[in-house]
Structure formats: C-alpha cells, structure tokens
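Next come the chains, spelled out residue by residue.
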Amino acid sequence: MWQARLSYLLRRFAHGLPIVLAIVVVNFFLVRLAPGDAATVLAGEAGAATAQYMEQIRAQFGLDQPLYVQFLSYMKNILVFDMGYSFRHGRTVASLIFERLWATLLLMGTAMAISTGIGVLLGALAARYDRKPLGFAIVLFAIVSYATPLFWVGLMLIIVFALNLGWFPTSGIATIGADTGGLGHVLDVAHHLVLPALTLSFFYMALYTRLMRASMLETLRMDFVTTARAKGVAEGRVVRRHVLRNAILPVLTMAGVQVSGMLGGSVIVESVFGWPGLGLLAFESLAARDLNLLLGIFFLSSLLVVATNALIDLAYTLVDPRIELAGRSKRND
Amino acid sequence: MPQSLLRVRGLRTEFRSPRGSWFPVVNGVDLRLEAGETLAVVGESGCGKSMLAYSIMRLVPRPLGRPAGGEVLLGGRDLLQLSEREMRAVRGRDVSMIFQEPMTSLNPLMPVGEQVSESIREHESCTSGEAARRALELLDLVGIPEPAKRFGQYPHHLSGGMRQRVMIAIALACRPKVLIADEPTTALDVTIQAQVLALLDRLKREMGMGIILITHDLGVVAEWAQRVMVMYAGRKVEEASAEEFFGGPAHPYSRALLASVPSPELVLADGDHELTEIAGTVPPLDRLPQGCAFAGRCPRVQDRCGEEQPVLRPFGSEGRMVACLRADSPRAGEIGR
C-alpha cells in the first residue's frame, strides 16, 4: 500500500511538471507587461541618471537583449533550477528564497491548521445547533469574517492586541537582539506568529466553517445516517462515527484548492506584519522590478501548490476508501 | 383475540406545510401484526406508507414532521411513550428496518462488517471480537459468499443485491421481533428481488418475527404476504387477507391498483385483462378535499363521497375492513365494474 502511495506521488509530480513549466512561461511574459524595468527603478532611486547609465545597467543585466533571447536563456537556466541573480540584493535568487521559505511555510502551515481545525469544529457545531442561537451566532460570525478584508483584520488585531493590550509584538518574526537560544527562540517566534497566523486564517476559517456546516447538514439527511439511527445508535455517536468523516471530505478538497489562495493572502499578511517570508519578498521585488527574484518566487510557489495538491489527494485516499490510487477497480458483483 | 406481536392504534403523524400549518401524513392508522406473519402495506408513492414505518420507528424527520398521537404497542409497552434513550434500545433490537436504497443506506467510509457489528455492540455487552464473529455469521446467514473476505470491504465493493443483504444482516443482528422492510427490493433487478424476498421469508420463519413489507409491487405482495393493507392519502382504506384481496378487492382504489398491474396471474376476477392506469395523482396531503380523498379519481364516485368522510368498517369476513361508502357485499360479480 505504501509502495503504491509512493509511486502515485512520483506520478503526480511527473504530471505536475508540464503545469509548472507552463506557469513559468506565462509568468515570464506577464511580469514584463508592467511598465518600467530595473534600470528605471535604479535611475529613479538615484534621483537623476543619464541615458548612458541606464543603457549600461540594461547591458549588465541582459535587459538590452531581444525578448526571445532573454526568454531562452531564462528557460535554459530554470531547467537546472538556476533561478538567476537578484540585482537588487546582489545575491542569487535561490539563496534569497530558501532563506525566506521557512518563514512562509511556518505561517501558512499554522494558518492552515487553525483555519481547517477551527472551521471544521465551528461548522459542525453550527450544523448541530442549526436554527438555534449558537448556530445563528456561528453563521453570523462566519459571514462577517468572510466579508472582512485581510489587511483590515491584520491592522485591527495589531491595534487591539499589540498596541492597546500589548499582548503580542506588532511585527517581525523574532525579537531583535534577543539571544535566548533554543527553546526561548522557539517561544519567541511562536509569540510573533500568533497575530499574523490568526489574520491569515480568518477568511479561510470562515470559508471552512460555512462549507462544513453545509456539508454536515447534507450528510445528516443521508440514508446511511437514518440506518445508523435505526440501529439504535445514540445521536452523538451517529455524528461522530458516521457523519463527521463523510462531511469533512469537501472541506479537505477545498483546503487543497485554497493553498494557492492562501499563498496570495500571505503576501498581504507578511507586508502588514513585516513577516520576513516569501510574500514580503515578492512585494518588495515587485516594487523594485526585480524580475528575476519575482519569477523565482512565482516558480517556487507553483511548485509548492502542485506538491500540496498531490499531498491532499494522497490524504484523500487515507480518509475515503472509494478513491483508489492506481485507478484499479476492485468491485465484485 | 390473542395479543398481537405489534399493535398500532390511531397513529397520527403530521408534517408542516410551507405555509406553517400542520397536516397529517399518517392519519389515524390502526395495524396489527402477528409473529411469523408478513403484512404488506401497499399504495402509490406519497400515500404515507414510508411515514407509517418511520412513525413506528420514531424516526420521523424533524423539524419537518412530528408525531401527533396514537399508540404503538409492542410487548405491552407503548413505544410512543418511551424516552428517547429507551426507544434507542428498542430500535435495532426489537424493531428493525430495511430501506429502499441499498446504494445509499450504508456508510461509504466504513467496512461493511463493522456496520453489522456496530448494531450488535450497540445493544449487547460483548467484546469487539465476539461482535465481529457474530457479524461474520450474519453475513454468512444472509447468503453473502466469502463473508470473511467481504467483512473488511467497503460498500462500493459490493453490488446492490449484496448491499441489501448487508442491510438485512444489520437489521437482523439482534434477532428483532418486528422487521419493517420499506420497499426492500424496489432498487434491485428482478432476479435479485426474488432472492432477497425469499431470504427474508426464510429468516422470518426461522426467527419467528413479523414483517411489515412496504411495497407498491403487487406481484411481491401476492407471493410473500399473508395480509394486505391499502393506504391512500395517509389513511388505511382497506385491509384483507392476501387471498381475499386478490380474490376481490373491495375499495375502488384497491381495484384500480390491481387493474394497473401487468402481471398475467393478477387479472381481475371477471377476467378483464385490460391494463389501466389510475387517472390523476394522489391529492396533496396539505390540501385534501372534503369527504373521501379518492373521490376525485374514483370511477364509482357519487355526490355524497365529496361530503362524507368514509370510516373504516368491517366488511365480509373476520378482520376484513374497508373505508368506502360505495363498497357493498364482496360478490365476485360486483368486482369488475
């Protein structure tokens, strides 16, 4: 079984390859649609620049080459995972990205765990107390959270919990200059993580709450639930054994689809909280027209999304026996 | 009369209409079931057959429906008066139910063996190993080949007929006194139908239980039931032994039902072979006309049918009942219009 899962994963990654390549190609041309290039940004920052200076910069970064030449050289490099050089930071894109990657993974992983966990819990409660005050309260909370913009939630949390109450730091990933080491550092990062992770989970939590509630209500009406009740199984056990697992499947699917959305959301959250992850890096590189870095981040993000989707599908096979990896049917009549 | 296995008196269940008022879907139904007997409940879709079953099990979906009176007497207890906890102990142990749709009546995410043993463990204190062993025996009993292999499989591995056998195994796990089978073979093809019904009949005799067989297939009734009860618009309109019923139904609705059966063995007593349909549909239960609910479709309707609600009255032989103002003595010559 585990062997089957492994070979399935490898096959999924193989299928993901053309998708990632297509994304790389589209991105390459897409980012060049924005007006201005690195030379104009540098010139702008210098206050004044001669045409010669700009030509010199363009020549240095290869920006004077025809587009197709730039494209071919970029594709050649990307195939060996060489994402190029960031003129802005004076370092390779790869080193920049891998330095920032773990912060984003930490933020997203935490936000995913919070949003699915609490979303499933609230959704199940809302369905259990459907048409009762608690059910209404949860639905109302979900609708409000769903409609609130991410950056506003972040700012409000900062104002209330960081500035007014002083419970959490306003920004950053760790206290600057504090050399606590080991466990102290872990706790420090966790302390910094609370507000950004909550902000990022807010919208998705609302989404999963609504989805879980609808899914629970639908599952509660299914025939096999009546069968369980007709067996004399107590209502609590009917829900735990028969309803929850069936109802959670759509949430799992949605969580997989939303990974990419969450990656987009992390750009905003990282900017608001000064969280040194890929999102913040992407935002900065966009402003600086640091196209190589931007493309590198896009490339890695697409890899991340493809990989997560494969993992979610794999998780599906653990929860739902009807889904078989190799597409073999074992049905016997 | 000796005490019946199950006795239902004046059972009434109401549903809420979109306008908020309550209307009966099961309207004052009486029923009596003896051990070892199969009682068929027949009628078109929407006449209250399934709701009668759900009302006996106290599984009427809420908040759409609600029980609204009557008695369900089993072993000297009125099931409608039990607490929810006491009723849970009855469900699956004293009264079991099989549903129409074997494809959706089993939990898709749970191995079938576990779904059978769950019923046992819910009602009897035994180890999981003991429950599993008995579940395996049950799968064997209901004629599932290679039960040990099937035990750990999921419903999607099984065909419709096999799944319905699993449902029967679940229902019979605690040897219930009463089995309610709500259209158990409607979703199965004809050869499998016969197998499943024969299985039910054999187990009924072996276990000495009573079966309430809900169906709209009169061929099934003719073959497997000892008594027949016809429902229309939530009411019982006729009750008779299977023999008498097929010999000459008294209610015009029963007659119309029989006339719409294409089977060659089930022709009417006067040899009228013409296949007919019943004109019109069951009237919406929340807007029943005054008087007899069947009046609008009845070929023998008279003026007073639209004014007077016909009551169920004894008709001919012992235990036979009919609710029709126009039903007269059951002479063969009268039957075929």
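Residues numbered from 1 in each chain as written. Chains lettered and ligands numbered in written order. Predicted model: local features only at pLDDT ≥ 70, side-chain atom pairs only at ≥ 80, totals over all residues.

### Re the packing of helix α11 (residues 278-287) of chain A against helix α12 (residues 291-319) of chain A
Residues and elements named next belong to chain A. Worth spelling out the cut-off: Throughout, an axis means a line fitted to C-alpha atoms (over the contacting stretch in the case of helices), and angles, computed between N-to-C directions, take values from 0 to 180 degrees. In this description a helix means any DSSP run of H or I spanning at least four residues, a strand means any run of E spanning at least two, and both kinds are numbered starting from the N terminus. Two helices cross in a left-handed way if the nearer one is turned anticlockwise from the farther one by less than a right angle. They cross in a right-handed way if the turn is clockwise. We call two residues in contact when their backbone-placed C-beta atoms lie within 7 Å.
Packing of α11 against α12 leaves a shortest axis separation of 8 Å and a crossing angle of 145 degrees. Along this stretch, α11 crosses α12, giving a crossing that reads as left-handed. Residues Leu278, Leu281, Ala282, Ser285 and Leu286 of α11 form the contact with α12, whose participating residues are Leu293, Leu294 and Ile297.

### Section: the confidence of the model for chain B
Applicable threshold: pLDDT is a residue-level measure of predictor confidence that goes from 0 to 100.
Residues with a pLDDT of 70 or more make up 92% of chain B, whose mean pLDDT is 85. For this predicted complex, the interface score ipTM comes out at 0.84, alongside a pTM of 0.78.

### Some words on the sheet that holds strand β3 (residues 38-42) of chain B
Residues and elements named next belong to chain B. As a reminder of what qualifies: We call two strands paired when DSSP finds no fewer than two bridges between them.
The eight strands are arranged β7-β8-β9-β3-β10-β11-β13-β12 in an open sheet whose pairing can be described as mixed. Either end of the sheet is taken by a strand with one partner, and the two such strands are β7 (95-98) and β12 (313-314). Where strand β10 (residues 227-232) lies against strand β11 (residues 235-241), six bridges are found, and the strand directions are antiparallel. Considered in β11, the bridge of Val230 is made with Glu238. Relative to strand β8 (residues 178-182), helix α1 (residues 49-57) is tilted by about 145 degrees, and along the sheet it contacts β3, β7, β8, β9 (210-214) and β10.

### Here we look at the interface of chain B and chain A
The test is simple: Residue polarity is assigned by list, with Asp, Glu, Lys and Arg as charged and Ala, Val, Leu, Ile, Met, Phe, Trp, Tyr, Cys and Pro as nonpolar; anything else, Gly included, falls into the polar class.
At the interface, 26 residues of chain B touch 21 residues of chain A. Elements that contribute at least two residues to the side of chain B that touches chain A include exactly α2 (84-90), β7 and α3 (112-123) of chain B. Grouping the amino acids of the side of chain B that touches chain A by side-chain chemistry returns ten nonpolar, ten polar and six charged.

### A few points about the environment of Glu218(A)
The cut-off we apply is this: Working definition of burial: number of other C-beta atoms within 10 Å of the residue's own, with buried at 20 or more, exposed at 12 or fewer, and partly exposed in between, all C-beta atoms being placed from the backbone.
Note that Glu218(A) resides in helix α8 (residues 182-220). By C-beta crowding, Glu218(A) is classed as partly exposed, having 14 other C-beta atoms within 10 Å.

### Let's talk about the pairing of β10(B)
Residues and elements named next belong to chain B. With six of six residues buried, β10 lies mostly within the body of the structure. The side-chain alternation of β10 yields two buried faces, one formed by Arg227, Met229 and Met231 and the other by Val228, Val230 and Tyr232. The sheet contact formed by β3 and β10 spans four bridges and is parallel. Bridge assignment links Ala40 to a residue of β10, and that residue is Val228. In this structure, the hairpin formed by β10 and β11 is closed by a connection of two residues, where Ala233 is found at a positive phi of approximately 50 degrees.

### Side note on α11(A)
All names here are of chain A. Residues Leu278, Gly279, Leu280, Leu281, Ala282 and Ser285 constitute the buried set of α11. For α11, the secondary structure elements touched by its buried residues are α5 (93-128), α10 (235-273) and α12. Of the residues flanking the end of α11, it is Arg289, one or two places downstream, whose phi is positive at about 55 degrees.

### Things to note about the UniProt feature "transmembrane region" (unreviewed entry) in chain A
All names here are of chain A. To keep it simple, the criterion reads: UniProt positions are given in the numbering used here, feature names are shortened, and annotations may be inferred rather than shown by experiment.
If you check UniProt for "transmembrane region" (unreviewed entry), the listed places come out as residues 12-31, 101-127, 134-163, 189-207, 247-273 and 293-319 in our numbering. Helix makes up 100% of residues 12-31 and strand 0%, with an end-to-end C-alpha separation of 28 Å. Helix makes up 93% of residues 134-163 and strand 0%. Its end C-alpha atoms lie 31 Å apart.

### Remarks on unusual backbone geometry
Residue and element names in this part refer to chain B. Positive phi, normally seen in glycine, also occurs at Glu146, with a value near 50 degrees. Along the chain, Glu146 falls in the loop between α4 (128-141) and α5 (147-151). Unusually for a residue other than glycine, Arg175 sits at a positive phi of about 45 degrees. Tracing the backbone through its elements, the reader meets Arg175 in the loop between α6 (160-172) and β8. Arg175 sits in the partly exposed class, given 13 other C-beta atoms within 10 Å.

### Considerations on the pairing of β9(B)
Residues and elements named next belong to chain B. Along β9, five of the five residues are buried, which leaves the element largely enclosed by surrounding structure. Residue alternation in β9 divides its side chains into two sets, Gly210, Ile212 and Ile214 and Ile211 and Leu213, and both sets are buried. In this structure, β3 lies alongside β9, joined through four bridges in parallel fashion. Within the sheet, the bridge partner assigned to Thr38 lies in β9 and is Ile211. Pairing analysis gives five bridges linking β8 to β9, with the strands arranged parallel. Its bridge partner lying in β9, Val178 is registered against Gly210.

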